[in-house]
There are 2 protein chains.
Amino acid sequence: MKKAIQVGLLGLGTVGTGVVKILANNANSIAQKVGADIQIKKIMVRNPDKPRSVAVDDLITTRLEDIIDNPDIDIVVEVMGGEMPAKDYMLRALQAGKHVVTANKDVMARYGRELFAAAEENKLDLMFEASVGGGIPIIRPLKQCLAGNKISEVMGIVNGTTNYMLTKMTNEGLDFEEVLAEAQAKGYAESDPTADVGGLDAARKIAILASIAFGARVSVDDVSVEGIASLSKADIGYASELGYVIKLLGIAKEDEKGIDVRVHPAFVAKNHPLAAVQDVFNAIFVKGDAVGEAMFYGRGAGEMPTASAVVADIIDVARDIQHGVSSRILCTCFDQKPICPVEKTESQYYVRLLVEDKPGVFAAIAGAFAAELVSLNSVIQKRKVNCCAEVVLITNRVPDANLRSAIGIIKSMSVVNQIRSVIRVETETIG
Amino acid sequence: MKKAIQVGLLGLGTVGTGVVKILANNANSIAQKVGADIQIKKIMVRNPDKPRSVAVDDLITTRLEDIIDNPDIDIVVEVMGGEMPAKDYMLRALQAGKHVVTANKDVMARYGRELFAAAEENKLDLMFEASVGGGIPIIRPLKQCLAGNKISEVMGIVNGTTNYMLTKMTNEGLDFEEVLAEAQAKGYAESDPTADVGGLDAARKIAILASIAFGARVSVDDVSVEGIASLSKADIGYASELGYVIKLLGIAKEDEKGIDVRVHPAFVAKNHPLAAVQDVFNAIFVKGDAVGEAMFYGRGAGEMPTASAVVADIIDVARDIQHGVSSRILCTCFDQKPICPVEKTESQYYVRLLVEDKPGVFAAIAGAFAAELVSLNSVIQKRKVNCCAEVVLITNRVPDANLRSAIGIIKSMSVVNQIRSVIRVETETIG
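This structure is a prediction, so every number in the text was calculated from the model and none was measured.

So, on to the side chain of E254 of chain B. Residue and element names in this part refer to chain B. With respect to the helices, strands and loops of the structure, E254 is situated in strand β9 (residues 244-255). At 3.1 Å, the side chain of E254 and the side chain of K337 are in polar contact. Sequence-distant contacts of E254, defined by excluding residues within four places in its chain, comprise K150, I151, S152, F214, I259 and K337.

What follows is the structure, given as structure tokens:
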């Protein structure tokens, strides 16, 4: 048994600072759990002169070698973010015989397989609880607590920025641009909000969750992605009227057609537990053949929540070191499974369109849907806009391809002025 | 590495049957995760002639020795329930060198320390994920995923029977007795519902959660317990009017006074995530210094959900066996901490009382509260009942002792007809 486990930190931004704070604040209880002190030996940063909110000046270095070639260091903790050079650094750490803990969704969603192979080859641990859902325990629950289940579905609100924005749009009746400006002013959205608003951040996270849930590697490139930039307050209003809220969901389902994995805004029934997830909170809903429905809820980002997950991984690796074991649970992607093309995925759809306000228009639209085998659940004429009428309809469950070709036909009809929105409806409720 | 890990099952009731089913249904994926088949070698039952829904006749025995003295068996899975003889059997299994997995909250809430000592002495695993929250991952998340946190609070709906009953009372305006009769008819409540309705089942679970959360042993005998039998639909109605729902909560908090651990019905603000937990679902809400708020939600009981957690533990022990490690995470109660006497615990309180409808009564009651240093948040005269008025009030946060002595004084006042209800208000909201 070691008396101290030494950590090398790659990066000292928001999350890295949080890790330093937790290891200091809760040093005693963590030492009891591990049976050894956990000490930060070195911290690699790009700019050594930047002012820091933690007193670690004597640990700072700019050289990767000071960490990966340091024989005292047991665990390398990567909290730099971004794909490169983070991925290379992790790989080099593993090749140098260091266990790796990372919060990096970008890397895990694209290079998971390669990193796991390196960990396995070198008999090391590679842990990444913080890469999805910030402080919410989700990786370990899926890999361990639900390991007896065949998981059929993982569905989650995994991006705090967009959930904050959608909550604002819903509760205050604001439009996308107004809310984005406010979120940026408050620091909840970055000055370049593309990865959040466009759905890429959520896509990385659902790729990681899908890989674990279905036991087959899903890359971020497999995910069909649509962001929230085109959502209007009108859609949010109609959703509410019809008993739904609009959320940006990461969805992964497995059936005989393969793995259906996508990120898009969706109507969520108000009585679904995900509907109540407000502001920057995240939640991940899981369906398994034994457990039924389970949900994990908490703060999906931020300094201390994300660092909470990183420190949990450090403690777990340290426990492994103390017990002389490693690679106990690595990659669980034992199978290869096809990705279901988005055209073949099935949903209900909400469609809002502007049509000429005259007899026969409803029939013509319904006919066009029917011709593509899209049956309608409900059609409601809402308000009049000048000479036009706004029509809101919800389809029954249909393949995406059929819906898209019906929409193509309807768009070209002379009585149809504009297709304003097409949004999936995730209707299934629990219980 | 073993090619097969052998399991001996103690008990073949609801949960045991679920374990047999999951190990059969998902044998392949479980074998991939473990690197070995998991096989049930023997099942001990009391009545070998009882008809079973799983085909395991050749595995049945009535002799404990066939399991604990069987050199082929690696893991003993206790799913008999009840304190005795289950506790003795587990102890004997550990002494015989078998890893133990249990779903038994009764035993873990009273004999946790003794069993962990035996596991540690014999270098074995002892896992109990199924003992709280059925299929909901909560033991491992607390012991591992949140291990970096100082946990200040665990609060949960941990009894499905009473949550089903309270949901019915709330949604359908029914009274306790009506709902109990229905729950019994549906099989959601047992013919002797005492342990559920009286709060003992929840007390066992919160004792287990508190022990892990605060790193100090809390026994079921430390828990202050109050059930739901005296709740009326009037209280549920007033709660709703005031912006709350009534839930039976297990609550454990730690502060400088010690560990405050109790089970009782409580007003929960409608915007708190626990308020939305309906029917037989369970949810556990955790506050930590790093993670902030997190919640775990799912099915807290039933054959397959509970078996899901048992099988997760079996898989985890099997992974340990395959990697030649054991006792990696056992008892985490490193400290001894005082239990805060219930008189010193602090809450807001809802009080409903029937008073004479004449001038000066409000003032007299308010004066009695003030004399015991109980300040009032709101006082509302509701309806008239014959010559009396029903008064509903909510206090500010006060020590339980002060509230109780104020109630004692008020009860003896000539203008006070009856104290109808005293219910705690758990006001804190998230975010």
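Residue and element names in this part refer to chain B. Summarising the sheet, strand β14 (residues 376-385) and strand β15 (residues 388-395) pair through 7 bridges and their orientation is antiparallel. In the strand pairing of β15, Q381 is matched with V391. The antiparallel pairing of β14 with β15 creates a hairpin that spans 2 residues between the two strands, and N386 there sits at a positive phi of about 55 degrees.

Contacts between chain B and chain A engage 51 residues on the former and 51 residues on the latter. Approximately 4400 Å² of surface area, both sides summed, lies buried where chain B meets chain A, with 55% of it carried by carbon and sulfur atoms. Together, C145, Y297 and R328 of chain B form the three largest contributors to the area buried by chain B at its contact with chain A, with a combined 15%. The interface formed by chain B and chain A holds 6 salt bridges in total. Across the pair R299 of chain A and E293 of chain B runs a salt bridge, and its minimum N-O distance is 2.9 Å. Taken together, the connections running from chain B to chain A amount to 24 residue pairs in polar contact (both at pLDDT 80 or more). Broken down by element, the side of chain B that touches chain A gets its largest block of residues, 9 residues, from helix α12 (residues 303-322) of chain B.

On to helix α4 (residues 86-95) of chain B. Residues and elements named next belong to chain B. Taken across its 10 residues, α4 has 7 buried, putting it largely inside the fold. Along α4, the residues classified as buried are A86, K87, Y89, M90, L91, A93 and L94. In the core, the buried residues of α4 are packed alongside β1 (4-10), β2 (37-44), α3 (65-68), β4 (75-78), β5 (99-102) and α5 (105-121). Phi for G97, located one or two positions after α4, is positive at around 85 degrees.

Here the focus is the sheet that holds strand β3 (residues 60-61) of chain B. All names here are of chain B. Taken in spatial order, the 6 strands of this open sheet run β3-β2-β1-β4-β5-β6, and their pairing is parallel. The open sheet terminates on both sides in strands that have one partner only, identified here as β3 and β6 (126-127). In the sheet, β4 pairs with β5 via 4 bridges, with the strands oriented parallel. For E78, the partnering residue across the bridge sits in β5 and is T102.

A separate point is unusual backbone geometry. Cis geometry marks the peptide bond from M84 of chain A to P85 of chain A; its omega dihedral reads 5 degrees. For P85 of chain A, the location among the structural elements is in the loop between β4 (75-78) and α4 (86-95). Even without being glycine, K123 of chain B reaches a positive phi, approximately 50 degrees. For K123 of chain B, the position within the fold is in the loop between α5 and β6. Residue L373 of chain B is not a glycine yet carries a positive backbone phi of 65 degrees. Inspection of the secondary structure puts L373 of chain B in the loop between α13 (361-371) and β14.

Turning our attention to the UniProt feature "binding site: NADPH" (unreviewed entry) in chain A. Residues and elements named next belong to chain A. Taking the UniProt record as the reference, the feature "binding site: NADPH" (unreviewed entry) is found at K105. For K105, the location among the structural elements is in helix α5 (residues 105-121). In this view, K105 contacts S131, D201, R204, K205 and I208; residues no more than four positions away in its chain are not counted.

All names here are of chain A. What the rule picks out here adds up to 11 aromatic pairs over all chains. Their ring planes at 75 degrees and their centres at 4.5 Å tell us that Y164 and Y188 sit as a pair that is edge-to-face. With a gap of 24 residues between them, Y164 in helix α7 (residues 160-172) and Y188 in the loop between α8 (176-185) and α9 (194-197) connect regions that are remote in the sequence. Using a relative accessible area of 38% as the deciding quantity, one classes Y188 as partly exposed. Ring pairing ties together the aromatic residues Y244, F267 and Y350, which thus form one cluster. Across from the ring centre of Y111, 4.7 Å away, lies the NZ or CZ of K87, which sits over that ring.

Turning next to the domain arrangement of chain A. The extent of an interface is frequently quoted as the accessible surface area lost upon association of the parts. Residues and elements named next belong to chain A. Its domain assignment divides chain A into domain 1 (4-132 + 303-322), domain 2 (139-299) and domain 3 (342-426). On a C-alpha basis, the centroid separation for the pair domain 2 and domain 3 is 25 Å. Scanning the region where domain 2 abuts domain 3 turns up 3 salt bridges. Close ionic contact of E426 with R262 constitutes a salt bridge, the shortest N to O distance being 3.3 Å. Inspection of the domain 2/domain 3 interface yields 9 residue pairs in polar contact (both at pLDDT 80 or more). Secondary structure elements with two or more residues in the side of domain 2 that touches domain 3: α11 (233-241), β9 (244-255) and β10 (258-269). It is β10 that contributes the most residues to the side of domain 2 that touches domain 3, 8 residues altogether. Each residue belonging to the side of domain 2 that touches domain 3 can be placed in one class, and the counts come to 14 nonpolar, 3 polar and 7 charged.

A few words now on the UniProt feature "active site" (unreviewed entry) in chain A. UniProt feature "active site" (unreviewed entry): in the numbering of this structure it lies at K205 of chain A. Within the secondary structure, K205 of chain A is located in helix α10 (residues 200-214).

This paragraph deals with the side chain of E426 of chain B. All names here are of chain B. Mapping E426 onto the fold places it in strand β17 (residues 416-426). Judged by relative accessible area, E426 falls into the buried class, the value being 7%. Ignoring sequence-local partners within four residues, the contact set of E426 consists of M155, L249, I251, K253, R262, H264, A266, F267, V268, A269 and S347.

Each of the two chain copies can be brought onto the other by rotation about an axis and movement along it. For the pair chain B and chain A, the superposition axis carries a translation of 0.0 Å, the fit reaches an RMSD of 0.0 Å, and the rotation angle comes to 180 degrees. As the rotation angle and translation indicate, the two copies are arranged about a two-fold axis. No C-alpha of chain B lies nearer the rotation axis than that of F296 of chain B, which sits 2.4 Å from it. Interface overlap between copies is the fraction of interface residues in one copy that are interface residues in the other; for chain B against chain A it reaches 100%, indicating a shared surface.

Calculation criteria
- Residues numbered from 1 in each chain as written.
- Chains lettered and ligands numbered in written order.
- Predicted model: local features only at pLDDT ≥ 70, side-chain atom pairs only at ≥ 80, totals over all residues.
- Heavy atoms only, no water.
- Helix = DSSP H or I, 4+ residues; strand = E, 2+ residues; numbered from the N terminus.
- Polar contact = N/O pair within 3.5 Å; in protein donor to acceptor, adjacent residues only side chain to side chain.
- Contact = heavy atoms within 4.5 Å.
- Pairing = 2+ DSSP bridges.
- Buried area = accessible area lost by both parts, 1.4 Å probe.
- Salt bridge = Lys/Arg side-chain N within 4 Å of Asp/Glu carboxyl O.
- Buried < 20%, exposed > 50% of the residue type's maximum accessible area, 1.4 Å probe, protein only.
- UniProt positions renumbered as here; feature names shortened; annotations may be inferred.
- Phe/Tyr/Trp six-rings, centres within 6.5 Å; stacked < 30°, edge-to-face > 60°.
- Lys NZ or Arg CZ within 6 Å of the ring centre and 35° of its normal.
- Domains from an automatic or database assignment.
- Nonpolar A, V, L, I, M, F, W, Y, C, P; charged D, E, K, R; others polar.
- Least-squares fit on C-alpha atoms with pLDDT ≥ 70 in both.

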